[in-house]
Amino acid sequence: MNWISKEEKKRFEEYKAQEERFLFGIDPIPEPKPICNKRWAWIEVDGESQIQWVDDVTMKAYRRDGYEKTEDEIPSYKFERWCRPMDL
């Protein structure tokens with residue numbers, strides 16, 4: 001004799017399946033989002049200090065368009081330091 005209604009039994013089975021996927025990781029792992037390595041830095045270009053984007057892996061500097069990142073690379077510069085929050 002079953003005292004649970006059919007709808008409730010169905011919802012319980014769905015919940016149990018969701019719980020197993022959560023606990024045992026049956027669902028595929030989502031792809032990680034790409035990490036952007038560009039950070040704000042103080043650099044010296046032609047004797048003038050300025051804030052630009054610098055890739056912290058390759059140490060290539062890129063010009064900025066306001067606060068937007070661009071792919072316009074700065075060929076020669078002197079790295080001074082990474083920006084602090086109060087610099088921005």
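Look above for the structure.
How each quantity is defined
Residues numbered from 1 in each chain as written. Predicted model: local features only at pLDDT ≥ 70, side-chain atom pairs only at ≥ 80, totals over all residues. Heavy atoms only, no water. Pairing = 2+ DSSP bridges. Helix = DSSP H or I, 4+ residues; strand = E, 2+ residues; numbered from the N terminus. Axes fitted to C-alpha atoms, helices over the stretch in contact; angles between N-to-C directions. Core = buried A, V, L, I, M, F, W, Y, C linked by side-chain atoms within 4.5 Å. Buried < 20%, exposed > 50% of the residue type's maximum accessible area, 1.4 Å probe, protein only. Contact = heavy atoms within 4.5 Å.

J.: I'd like a rundown of the sheet that holds strand S1 (residues 38–45), residues and numbers included.
T.: Within a beta sheet, neighbouring strands are joined by backbone hydrogen bonds and run either parallel or antiparallel to one another. Taken together, the 5 strands give an open sheet; going across it, the order is S4-S3-S2-S1-S5, and neighbouring strands pair in antiparallel fashion. Here the strands that pair on one side only, and so sit at the sheet edges, are strand S4 (68–74) and strand S5 (78–82). The average angle at which neighbouring strand axes cross in this sheet is 50°, direction not considered. Here strand S3 (residues 61–65) runs beside S4; their pairing, made up of 4 bridges, is antiparallel. Among the inter-strand pairings, alanine 61 is bridged to a residue of S4, identified as isoleucine 74.

J.: Explain the nonpolar core to me, using residue names and the numbers behind them.
T.: Generally speaking, nonpolar side chains in soluble globular proteins are found buried as a group. Ranked by size, the top nonpolar core spans 6 residues in total: Ala41, Ile43, Val45, Val54, Ala61 and Ile74. With 3 residues, S1 is the single largest residue contributor to this core. What isoleucine 43 contacts, discounting residues up to four positions off in sequence, is Glu48, Ser49, Gln50, Gln52, Val54, Ala61, Ile74, Tyr77, Lys78, Phe79 and Glu80. Core analysis: the next-biggest nonpolar cluster, separate from the first, contains 5 residues, Trp40, Ile51, Tyr62 and Cys83 among them.

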